[in-house]
Amino acid sequence: QVQLVESGGGLVQPGGSLRLSCAASGFTFSMSAMRWYRQAPGKERELVATITRAGGSTNYADSVKGRFTISRDNAKNTVSLQMNSLKPEDTAVYYCNAVSPTGRWYWGQGTQVTVSS
């Protein structure tokens, strides 16, 4: 079955860094666009970053541009999100998302990121 397993979340001070990882299985990872979303308490889930199948193109929400970097390793079926200069407003549950070539969406269980002093 399809699995997306996120890891790397935690508590970090403002200005710090975290690296999230998502391990994928059960579908053709290399043919799927990958995304990171986040959802803060009381807010809607928002798109943070996207990366195309081969990793040649990336896009970011304005709020994280210049601070976050999405990358993927198709040999290892993983996608990562490097988060630098973290701010309290980055606090959220972060979700890995896959969009298959047939248009099916898959979600991970989420990993909590808390930015606080």
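Given the structure is predicted, the values throughout are model-derived calculations rather than measurements. (Residues numbered from 1 in each chain as written. Predicted model: local features only at pLDDT ≥ 70, side-chain atom pairs only at ≥ 80, totals over all residues. Heavy atoms only, no water.)

A.B. asks: What should I look at first to understand the overall build of the protein chain in this one?
C.D. replies: Each helix and strand counted, the protein chain has 0 helices and 11 strands in total. Secondary structure elements in the protein chain, listed N-terminal to C-terminal, are β-β-β-β-β-β-β-β-β-β-β. For the protein chain, the spread of C-alpha atoms along the three principal axes comes to 40 × 25 × 25 Å. Counting only residues that meet the buried cut, the protein chain has 39% of its 117 residues in that class. Counting contacts in the protein chain only where the partners sit at least 6 residues apart, residues at least 24 apart contribute 53% of the total. Here the protein chain displays about 6,100 Å² of accessible surface, and carbon together with sulfur accounts for 47% of that area. (Helix = DSSP H or I, 4+ residues; strand = E, 2+ residues; numbered from the N terminus. Buried < 20%, exposed > 50% of the residue type's maximum accessible area, 1.4 Å probe, protein only. Contact = heavy atoms within 4.5 Å. Areas by Shrake-Rupley, 256 points an atom, 1.4 Å probe, with all protein chains shown as cover.)

A.B. asks: I tried to follow the sheet that holds strand β8 (residues 78-83) on my own but got confused; where do I start?
C.D. replies: In sheet architecture, strand pairing relies on hydrogen bonds along the backbone and comes in two forms, parallel and antiparallel. The strand order across the open sheet formed by 4 strands is β1-β3-β8-β7, and the pairing between neighbours is antiparallel. Edge strands, defined here as strands with exactly one partner in the open sheet, are β1 (3-7) and β7 (68-73). Between one strand and the next, the sheet's axes are offset by a mean angle of 15°, whatever the strand orientation. In this sheet, strand β3 (residues 18-25) lies alongside β1 in antiparallel orientation, the contact comprising 5 bridges. Along β3, the bridge assignment pairs Q3 with S25. (Pairing = 2+ DSSP bridges. Axes fitted to C-alpha atoms, helices over the stretch in contact; angles between N-to-C directions.)

A.B. asks: Got a minute to help me understand the packing of aromatic side chains in this structure?
C.D. replies: Each aromatic ring pair is summarised here by two numbers: the centre-to-centre distance and the angle between the ring planes. Evaluation of the coordinates by the stated rule reveals 6 aromatic pairs. Centre to centre, the rings of Y37 and W105 are 6.4 Å apart; their planes meet at 50°, and the pair counts as tilted. Here the residue Y37 occupies a position in strand β4 (residues 33-39), and W105 occupies one in strand β10 (residues 105-107), the gap between them amounting to 68 residues. Residue classification places Y37 among the buried positions, given a relative accessible area of 11%. Residue W105 is classed as partly exposed on the basis of its relative accessible area, which comes to 44%. Taken together, the ring pairs in this structure connect Y37, Y95, W105 and W107 into an aromatic cluster. Taking NZ or CZ as reference, R45 lies 3.8 Å from the ring centre of Y95, over its face. Looking at R72, its charged tip hangs above the ring of F29, at a distance of 4.5 Å from the centre. (Phe/Tyr/Trp six-rings, centres within 6.5 Å; stacked < 30°, edge-to-face > 60°. Lys NZ or Arg CZ within 6 Å of the ring centre and 35° of its normal.)

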